[in-house]
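Chains, contacts and geometry: an overview
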Amino acid sequence: SQGISTALSVQKTSFRGGKIVNVAAEREKEKEEEKQKIKTLSTLIKNPTKVLLLQNMVGPGEVDDDLQPEVIEECSKYGDVANCLIYEIPQGAEDDEAVRIFVQFVKVDSAIKAMIELNGRYFGGRIVKGSFYSESKFERFDLAPETT
């Protein structure tokens, strides 16, 4: 049982260069990453609500008049949007958490679809972080992050 048991391939790295890669190992790594993504997603949609909190879409001071209509338009692809609020934390927040975008859907199913599609997606060079938000907190405009 000597010799190569799996096929090797050359991956081009430059005009004249390349490196030998184990195709089977690369595929195994991709499968493992896909499993992790599914686990993460199942954790994210464990306790869904009609309100989706999107973070890291824009940084502090980058909120403009076009952001809210853009978010509503994008989220409408997943279902009817009842409300959209943008809350910018005045100071002291991390760059990726400074702007909190809340999208309230008419149905929980729509919020789940939006979470699956938007979480981890790139927007303006940033990776969007999605999570469900308490409907009662949203209704009373309690939009600031919890302080520990």
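An account of the accompanying structure is given in this report. (Residues numbered from 1 in each chain as written. Predicted model: local features only at pLDDT ≥ 70, side-chain atom pairs only at ≥ 80, totals over all residues. Heavy atoms only, no water.)

The next subject is the environment of Leu-44. By secondary structure assignment, the location of Leu-44 is in helix H1 (residues 23-44). Accessibility expressed as a relative area gives 25% for Leu-44, which makes it partly exposed. Separated by 71 residues in sequence, Leu-44 and Met-115 place their C-alpha atoms 8.3 Å apart. In contact with Leu-44, not counting residues within four places along its chain, are Met-115, Asn-119, Gly-130 and Phe-132. (Helix = DSSP H or I, 4+ residues; strand = E, 2+ residues; numbered from the N terminus. Buried < 20%, exposed > 50% of the residue type's maximum accessible area, 1.4 Å probe, protein only. Contact = heavy atoms within 4.5 Å.)

By the definition in use, this model includes 2 aromatic pairs. Arranged with centres 4.8 Å apart and planes meeting at 65°, the rings of Phe-102 and Tyr-133 form a pair that is edge-to-face. Here Phe-102 is found in strand E5 (residues 99-105), whereas its partner Tyr-133 is found in strand E8 (residues 129-133), with 31 residues between them in sequence. Under the relative-accessibility criterion, Tyr-133 is labelled buried at 9%. Between Phe-102 and Phe-138 the ring centres are 6.1 Å apart and the planes differ by 40°, which places this aromatic pair in the tilted class. A residue pair is termed long-range when its members are at least 10 positions apart, and Phe-102 in strand E5 and Phe-138 in helix H4 (residues 135-139) qualify at 36 residues. A residue is classified by how much of its surface remains accessible, and Phe-138, at 2% relative accessible area, is buried. (Phe/Tyr/Trp six-rings, centres within 6.5 Å; stacked < 30°, edge-to-face > 60°.)

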